[in-house]
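If you want the building blocks of each chain, they are given just below.
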Amino acid sequence: MPVKTVRFYTLALIIADTLAFLAAFAIAYKLRTTYDSRILLAIIPAREFMTTFLTLVPFWLVTFVAFGLYSPYVYQKRLTEYGKLLIASAVGILIVIGYAYVIDRPIFPGRVVPLYAAVLVFLLLLLFREVLRTVRDVLYRYNIGTQRVLIIGNNDATANIARSLSLTHRSGFRVVAVAGNAGTTRGAAIYRSAEDALRDLDILHIDTIIQTNLYDKSEKNLVIMDAAQQRHIQYCFIPGENEFYSGKNTIDVFLGYPIISVYKSPLIGWGEVVKRIFDVACVVITLPLWLPIFALLVVLQKLLNPGPVFFTHTRLTRHSKPFRMYKFRSMIPQYSGEDAVEIFRKMGRDDLVEEYNRDFKVENDPRITRFGQFLRASSFDEIGQIINVIKGDMSLVGPRPIPAKELKAKFSRVHGALLHEVRPGITGLWQVSGRSDLPTNERIELELYYVQNWSFWLDIKILFKTILVVIRKTGAR
C-alpha cells in the first residue's frame, strides 16, 4: 500500500475496530435484555454497560496492535488478517471477562452476553474492514491516494512489474515513469537512463522508486537511494536475479517477486497514528499539572525578566519543514534571536566564538539572565514547546529540533534526511543519556539511533527517564 495512504487507512481501521467492538457488545446487550425472556443475572442500565466498555477500548486496541493488525504487512493479506482477527478477538473477549473477574462485580446482564459478543465482534470486524477495503479500492480507481511510481531496471522483472502495476487497481500504485526495459507501459514516461529520470523526480511528482536490479558501479545505486532519501521518497528494491533470493532475509512477495522495502524509520502506519494520539492524550491528561506551572512562569517572566515572554526560533520538523519553536525566553531581550557569533564578536569574546562554532553552545553564556539561568537549569524553558506539540510541529519524544544552519554543519545529507523522518521532540534519547555533557558526535549517534529504532515502549522509557533527569538536573545548561 502507498506510504501516504497508510496513515489515513490505519486511523480508519482504528476507528472501525472501535466501533465494531462497541457495536458488538451493544447488540449483545440488546439481544439478552430485550429478546431473551430468561431472568437476568444482574440489572445493569444500558448507559452503565456502554460506559464500562468505553473504558475497555484502549485495552482492545493494544491487543490488536500486539497482533500486528494495524501493520500493512498484515491487513494487505486477507487470510493472514482474518486469522489474526479471530485470535485477537478471542484474546480481547478473555480480557473483558478477566476485567469483570478482577473488579469483582457483574458487568454483563447475562452469562450469554460474552458469547454473543464474541461472535458479533468477529463478524463486524470483518464487515467493517471489508467496507474500508472496498472504499479504498474505489478511491484508487479515481487516482485518489495512489502512489506515483518510477521503476528503474533493465531485466525482465522491470517490464513485468510495470505491466502488472498498470493493470492492478488494488495496488494503489501508478507507474508514471520507467527508466530501462519498460516493455509497453501505457501513460508512463520512458527514460533511457536512471540519471535522466532522477533529474525529473520533482516534475513527475514521484512518491516511490522501485529498483529491479543493481548496477555494476555501487556509486550509481547510491545515487538512486540518495535521491529518494533527500526527497523523502519511498525506495523499494525488487531483485530480479535469483542470487538475491536469500533465506537470511525477511522478504515479502509483491506481484510474484520478493521485495525488500527500505524504511528509514519504523515510525510509519499505526506507529505514527498512535504516537500522535499519545502526545495529545498526555497533554490533555496532564493539563492540571503543567498549566499552573505555565501560568506561573508567564507571571514570573513579566516580573523578573521584562520583555517578551517567549523566544521563538525557526527550526526544522518532519521532512525538513520549517516551524516556529516556542521556549520561555532565557536571554536578555536585545540578544534573543540574534546571531550568537556576531554578538560574541561585538563583546570581544573570541573564546566564546570558537566554543560556539565548535559545539553550537557555550557553557557560561553572558546573554542569559539570572531568571533565564533558573529556567534552563530546571528545564522549565522547554515547557513552551507544549504549544508546538498541540500544533503538531513537535512530539513529546523525538530528536532535538535543530536550525537549518546546524543541520548543514553537523549532519551529512543522508543523515540529515534520516533525522527528519520523524517529528522533533521536547525530550529525547540524548537528553536522558547525558544531555549537554555528551560530545556532539555521540549526540548525533543517539538521535539517529532513535529514528531507526523507534518503538512505543522506547518513548515511554524516555519519558520516565526525563523526569529523573530533570529532578537531578543532570547535564542541564
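The shown structure was predicted, so the numbers you read here are calculated from the model rather than taken from an experiment.

Draft legend 1. The arrangement of the overall build of the protein in detail. Helices and strands together make up the secondary structure of the protein, namely 19 helices and 11 strands. Classification of the 477 residues of the protein by burial places 48% in the buried group. A separation of at least 24 residues holds for 73% of the contacts in the protein among residues at least 6 apart in sequence. Of the roughly 24600 Å² that the protein leaves accessible, carbon and sulfur atoms contribute 61%.

Draft legend 2. Spotlight on empty space enclosed by the protein. This model, assessed by the stated rule, comprises five cavities of 30 Å³ or more. In this structure, the largest cavity spans a volume of roughly 100 Å³. Residue lining of the largest cavity: Leu 267, Glu 272, Lys 275, Arg 276, Asp 279, Arg 318, Met 394, Ser 395, Glu 421, Val 422 and Arg 423, and that is the complete set. Considering every element that reaches the lining of the largest cavity, the biggest residue donor is helix H10 (residues 270-285), with four residues. Per-class residue counts for the lining of the largest cavity are three nonpolar, one polar and seven charged. Reported here for the second largest cavity is a volume of approximately 80 Å³. Residue lining of the second largest cavity: Arg 400, Ile 402, Glu 406, Lys 410, Phe 411, Leu 419, Thr 440, Arg 443, Ile 444 and Glu 447, and that is the complete set. Secondary structure elements with two or more residues in the lining of the second largest cavity: helix H16 (404-410) and helix H18 (440-452). The element best represented in the lining of the second largest cavity is H18, accounting for four residues.

Draft legend 3. Region of interest: the packing of helix H2 (residues 46-66) against helix H4 (residues 78-103). At a minimum axis separation of 10 Å, H2 and H4 run at an interaxial angle of 140°. In terms of their interaxial angle, H2 and H4 are classed as oblique. Crossing handedness for the pair H2 and H4: right-handed. Across the interface between the two elements, Thr 52, Phe 53, Thr 55, Leu 56, Phe 59, Trp 60, Thr 63 and Phe 64 from H2 touch Leu 85, Ala 88, Ser 89, Val 91, Gly 92, Ile 93, Ile 95, Val 96 and Tyr 99 from H4. Across the contact of H2 with H4, the residue classes break down as 12 nonpolar, five polar and no charged.

Draft legend 4. Region of interest: the packing of aromatic side chains. Applying the stated criterion across every chain, the model contains 19 aromatic pairs. With 4.2 Å between their ring centres and 25° between their planes, Phe 25 and Phe 53 make a pair best called stacked. One end of the pair, Phe 25, is in helix H1 (residues 3-34); the other, Phe 53, is in helix H2, and 28 residues separate them in sequence. With respect to burial, Phe 25 and Phe 53 carry one shared label: buried.

Draft legend 5. Spatial organisation of the pattern of salt bridges. Within the structure shown, the criterion is met by 21 salt bridges. Among the salt bridges present, the one from Asp 36 reaches Arg 38, with a minimum N-O distance of 2.6 Å. Asp 36 sits in the buried class, given a relative accessible area of 16%. Across the pair Asp 365 and Arg 367 runs a salt bridge whose closest N-O atoms are separated by 2.5 Å. For the pair Asp 365 and Arg 367, one class covers both residues: buried. What emerges from the salt-bridge pattern is a single network uniting Asp 17, Arg 78, Glu 81, Arg 129, Glu 130 and Arg 133.

Draft legend 6. Looking closely at the nonpolar core. Counting residues in each nonpolar core, the largest one holds 42 residues, and the members touching the most others are Phe 21, Phe 25, Phe 49, Phe 53, Phe 64, Val 96 and Phe 108. Of all elements in the fold, only H1, H2, helix H3 (72-75), H4 and helix H5 (113-141) reach the threshold of two or more residues within this core. Considering each element in turn, this core owes the most residues, 12 residues, to H1. If sequence neighbours within four positions are ignored, Phe 108 has contacts with Phe 25, Leu 41, Ala 42, Ile 44, Phe 49, Phe 53, Val 96, Ala 100, Val 113 and Pro 114. Listed in part, the 39 residues of the second largest apolar core include Phe 323, Phe 328, Leu 375 and Leu 429.

Draft legend 7. Expanded view of the packing of H4 against H5. Between H4 and H5, whose axes approach to 10 Å, the crossing angle comes to 145°. Between H4 and H5 lies a crossing whose hand is right-handed. Here Arg 78, Glu 81, Tyr 82, Leu 85, Leu 86, Ser 89, Ile 93 and Ile 97 of H4 come into contact with H5, specifically with Pro 114, Ala 117, Ala 118, Val 121, Phe 122, Leu 125, Leu 126, Arg 129, Glu 130 and Arg 133. Its residues assigned to classes, the contact of H4 with H5 comprises 12 nonpolar, one polar and five charged.

Draft legend 8. Structural context of the environment of Arg 367. With respect to the helices and strands, the residue Arg 367 is situated in the loop between helix H13 (350-359) and helix H14 (370-378). Here Arg 367 falls in the buried class, since its relative accessible area comes to 6%. Setting aside chain neighbours within four positions, we find Arg 367 in contact with Ser 330, Met 331, Ile 332, Tyr 335, Glu 338, Ala 340, Ile 343, Phe 344 and Met 347. At 2.5 Å, the side chain of Arg 367 and the side chain of Asp 365 are in polar contact.

Draft legend 9. Local environment of the pairing of strand S8 (residues 310-316). Note: S8 against strand S9 (residues 322-328), seven bridges, orientation antiparallel. In the sheet register, Phe 311 faces S9, and the bridge partner there is Lys 327. From the end of S8 to the start of S9, which pair antiparallel, there are five residues, and His 319 there has a positive phi angle of about 60°.

Draft legend 10. Looking closely at unusual backbone geometry. Backbone geometry at His 232 places phi at a positive 55°, although glycine is not the residue there. Counting through the fold element by element, His 232 comes out in the loop between helix H9 (218-230) and strand S5 (234-237).

Draft legend 11. Geometry of the pairing of strand S1 (residues 147-153). Taken across its seven residues, S1 has six buried, putting it largely inside the fold. Pairing between S1 and strand S2 (residues 173-180): seven bridges, direction parallel. Considered in S2, the bridge of Arg 148 is made with Arg 174. As defined by bridge partners, S1 adjoins strand S4 (residues 208-211) across four bridges and the pair is classed as parallel. Bridge assignment links Ile 152 to a residue of S4, and that residue is Gln 211.

How each quantity is defined
- Residues numbered from 1 in each chain as written.
- Predicted model: local features only at pLDDT ≥ 70, side-chain atom pairs only at ≥ 80, totals over all residues.
- Heavy atoms only, no water.
- Helix = DSSP H or I, 4+ residues; strand = E, 2+ residues; numbered from the N terminus.
- Buried < 20%, exposed > 50% of the residue type's maximum accessible area, 1.4 Å probe, protein only.
- Contact = heavy atoms within 4.5 Å.
- Areas by Shrake-Rupley, 256 points an atom, 1.4 Å probe, with all protein chains shown as cover.
- 1 Å grid on protein atoms, 1.4 Å probe; cavity = no way out; pocket = protein on both sides within 12 Å on 5 of 7 lines; lining within 4 Å.
- Points joined across faces, edges and corners; volume = space filled by probe spheres on them.
- Nonpolar A, V, L, I, M, F, W, Y, C, P; charged D, E, K, R; others polar.
- Axes fitted to C-alpha atoms, helices over the stretch in contact; angles between N-to-C directions.
- Parallel < 35°, antiparallel > 145°, perpendicular 65-115°, else oblique.
- Left-handed = near helix turned anticlockwise from the far one by under 90°.
- Phe/Tyr/Trp six-rings, centres within 6.5 Å; stacked < 30°, edge-to-face > 60°.
- Salt bridge = Lys/Arg side-chain N within 4 Å of Asp/Glu carboxyl O.
- Core = buried A, V, L, I, M, F, W, Y, C linked by side-chain atoms within 4.5 Å.
- Polar contact = N/O pair within 3.5 Å; in protein donor to acceptor, adjacent residues only side chain to side chain.
- Pairing = 2+ DSSP bridges.

The values are spatial; any link to function lies outside them.
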